[in-house]
Amino acid sequence: MNNYNIESSIKNRLNTRFIGKTLYYFPKLATTMETARNLVKKGAGEGTVVIAGTQTAGKGRIGRTWLSPKGSLAMSVILKPALENLPQLVMIASLAVIRAIKEVTGQEARIKWPNDVMINGKKVCGILIENEVSKGTVNFADIGIGINVNFSPRKFPEIADLATSLSHEAGREISHTELVVKLLNNLEQLYLEAQQGAPVHLEWQRNMETLGHRIKVDTGKTIEQGWAQTTAENGNLIVRRADGSLVEIVAGDVTVIKD
Ligand code: BTN
C-alpha cells in the first residue's frame with residue numbers, strides 16, 4: 001500500500017469526531033514527536049495524528065532512545081486539553097492502548113506505573129507525552145505511543161529480556177490498521193469522558209500491575225523503596241516506606257522487588 005492508501009484505510013474506519021481526521025503516514029521518520037511538533041507550529045489542530053513505519057531517532061522517557069524497527073507502531077497524537085485535564089493524558093493513553101490490545105488480540109495487558117504497557121510482565125508499549133504550556137494554557141500535548149506489534153524483540157539484544165510484542169504474545173501477525181483504528185477510537189472516547197469529569201484514574205488504577213507490590217523507584221534524584229500503595233488523582237504514585245511514612249512520586253522508574 002502507498003502512503004495515501006494507508007492513511008485512507010485508517011481514516012475510513014475511524015469512528016471519531018476529531019482524532020485522526022487529519023492523519024499522516026510516513027514510511028520513515030526521525031521521530032514522530034518532532035514531526036508532530038512541527039505540524040503544530042504550522043497550525044495543525046487537535047486530533048492530528050502522525051504515524052511512522054520506522055523511526056531512526058525514536059525518543060523514550062527520561063532521555064532514553066526508543067527502538068522502532070519495521071513491524072512496530074510509532075504514533076503521535078496532538079491534543080489541546082484544558083490545563084486541569086493535562087495529568088489525565090497519561091492515564092487515557094495507557095487505557096486506550098490496553099483496550100485496543102484486548103479488542104484486537106484478546107490479550108490482557110497491564111500498566112506499569114506511570115505508563116508502560118506490559119503483557120506477561122514484559123513491555124509491549126511505551127508512551128511519551130510532551131507538552132507546551134504558557135500562561136496557564138496548554139498550547140499542545142503530543143502523545144507519543146510506541147507499540148511492539150509484529151517483530152521479535154529477541155532479535156534486539158538491548159530489549160530482548162525486557163520486551164515482548166503483540167505477535168509474539170498472540171502467536172499471529174496483528175493488523176496495524178485495526179490496532180490504530182481501535183486505539184484512536186478508544187483514545188477519543190476516554191478523552192471526552194475525562195473532560196466530562198469521568199473518574200478515569202480509577203480505571204487506570206484497576207489496570208495497574210504496580211500497586212500492592214514492594215518496589216524501588218528511581219526518581220533521578222532519589223531512590224525510594226516501599227510498598228506501592230495507590231495513585232493520587234493527578235497520577236502520582238504513593239509509596240509507603242518501611243517506617244510507615246508515605247511519599248508521593250511524580251516521575252520515576254519502577255522496579256518490582258521480588259522476594
Ligand atoms: C518509553 O517507554 O520510554 C516511551 C517510548 C515512547 C515511544 C514513542 S514511539 C512514537 C513516539 N515517537 C517517539 O520518538 N517516541 C514516541
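Below, the structure is looked at part by part.

Conventions and cut-offs
- Residues numbered from 1 in each chain as written.
- Predicted model: local features only at pLDDT ≥ 70, side-chain atom pairs only at ≥ 80, totals over all residues.
- Heavy atoms only, no water.
- Helix = DSSP H or I, 4+ residues; strand = E, 2+ residues; numbered from the N terminus.
- Buried < 20%, exposed > 50% of the residue type's maximum accessible area, 1.4 Å probe, protein only.
- Contact = heavy atoms within 4.5 Å.
- Areas by Shrake-Rupley, 256 points an atom, 1.4 Å probe, with all protein chains shown as cover.
- Lys, Arg positive; Asp, Glu negative; His and termini not counted.
- Charge placed at Lys NZ, Arg CZ, Asp CG, Glu CD.
- Near = heavy atom within 4 Å.
- Polar contact = N/O pair within 3.5 Å; in protein donor to acceptor, adjacent residues only side chain to side chain.
- 1 Å grid on protein atoms, 1.4 Å probe; cavity = no way out; pocket = protein on both sides within 12 Å on 5 of 7 lines; lining within 4 Å.
- Sits in = over half its atoms within 2 Å of the grid points.
- Pairing = 2+ DSSP bridges.
- Axes fitted to C-alpha atoms, helices over the stretch in contact; angles between N-to-C directions.
- Parallel < 35°, antiparallel > 145°, perpendicular 65-115°, else oblique.
- Left-handed = near helix turned anticlockwise from the far one by under 90°.
- Arc of directions from axis to C-beta.
- Salt bridge = Lys/Arg side-chain N within 4 Å of Asp/Glu carboxyl O.

### Here we look at the overall build of the chain
Argument step 1. The helix and strand inventory of the chain stands at 6 helices and 12 strands.
Argument step 2. Going through the 259 residues of the chain one by one, you find that 53% of them count as buried.
Argument step 3. When contacts within the chain are restricted to residue pairs at least 6 apart in sequence, long-range pairs at least 24 apart make up 63% of them.
Argument step 4. Of the roughly 12,400 Å² of accessible surface on the chain, 49% is carried by carbon and sulfur atoms.
Argument step 5. Of note, the chain has its 31 positive side-chain charges centred 3 Å away from the centre of its 26 negative side-chain charges.

### A closer look at helix α1 (residues 3-13)
Argument step 1. When we look at burial in α1, the residues that qualify are I6, E7, S8, S9 and I10.
Argument step 2. On its buried side, α1 packs onto β1 (23-29), β2 (49-55) and α5 (176-195).

### Looking at the site of the ligand
Argument step 1. Looking at the ligand, there are 19 residues lining it, with T31, T32, K59, R61 and K123 nearest.
Argument step 2. T32 is positioned such that a nitrogen or oxygen atom in its side chain is 2.9 Å from a nitrogen atom of the ligand.
Argument step 3. Separating an oxygen atom of the ligand from a side-chain N or O atom of K123 is a distance of 2.6 Å.
Argument step 4. With respect to the detected pockets, the ligand is housed in the largest pocket.
Argument step 5. Listed by contribution, the elements that provide at least two residues to the shell around the ligand are α2 (32-41), β3 (72-79), β6 (122-134) and β7 (137-148).

### Brief notes about the sheet that holds strand β11 (residues 246-249)
Argument step 1. Spatial ordering of the open sheet is given by β11-β10-β9-β8-β12, a layout of 5 strands whose pairing is antiparallel. Of all strands in the sheet, those with a lone pairing partner are β11 and β12 (253-256), marking the two edges. Each strand of the sheet is rotated relative to its neighbour by a mean of 45°, with strand direction disregarded.
Argument step 2. Relative to strand β10 (residues 237-240), strand β9 (residues 223-231) is paired through 4 bridges, and the arrangement is antiparallel. Pairing of W227 across the sheet is with R240, part of β10.

### With respect to the packing of helix α3 (residues 88-105) against α5
Argument step 1. For the pair α3 and α5, the least separation of the axes is 8 Å and the interaxial angle reads 140°. Between α3 and α5, the angle is such that the two are oblique. Note that α3 runs across α5; the crossing there is right-handed. Note on element contacts: α5 touches α3 through E178, L179, K182, L183, N186, L187, Q189, L190, Y191 and A194, opposite Q88, L89, I92, A93, L95, A96, V97, R99, A100, I101, E103 and V104.

### A look at α2
Argument step 1. Buried within α2 we find T32, M33, T35, A36, L39 and V40. Buried residues of α2, viewed axially, fall in a sector of 170°; they line one side.
Argument step 2. If you follow the buried residues of α2, they end up packed against β1, β2, β3, β6 and β7.
Argument step 3. G43 occupies a position one or two residues after α2 and carries a positive phi of about 105°.

### A look at unusual backbone geometry
Argument step 1. Put simply, W113 and P114 share a cis peptide bond, and its omega is 0°.
Argument step 2. Within the secondary structure, P114 sits in the loop between β4 (110-112) and β5 (116-119).
Argument step 3. Although it is not a glycine, K135 sits at a positive phi angle of roughly 50°.
Argument step 4. Mapping K135 onto the fold places it in the loop between β6 and β7.
Argument step 5. Of the residues examined, K135 reaches a relative accessible area of 86% and is grouped as exposed.

### With respect to the pattern of salt bridges
Argument step 1. In total, this model carries 9 salt bridges according to the counting rule given.
Argument step 2. Residues D116 and K123 are paired through a salt bridge, measuring 3.0 Å at the closest nitrogen-oxygen approach.
Argument step 3. What emerges from the salt-bridge pattern is a single network uniting R37, K59, E130 and E132.

### Description of the environment of V254
Argument step 1. Assignment of secondary structure puts V254 in strand β12.
Argument step 2. The spacing of V254 and Q225 is 29 residues in sequence and 9.6 Å in space, taken between C-alpha atoms.
Argument step 3. Excluding its chain neighbours within four sequence positions, the residues that come into contact with V254 are K112, W113, T210, I215, K216, V217 and L237.

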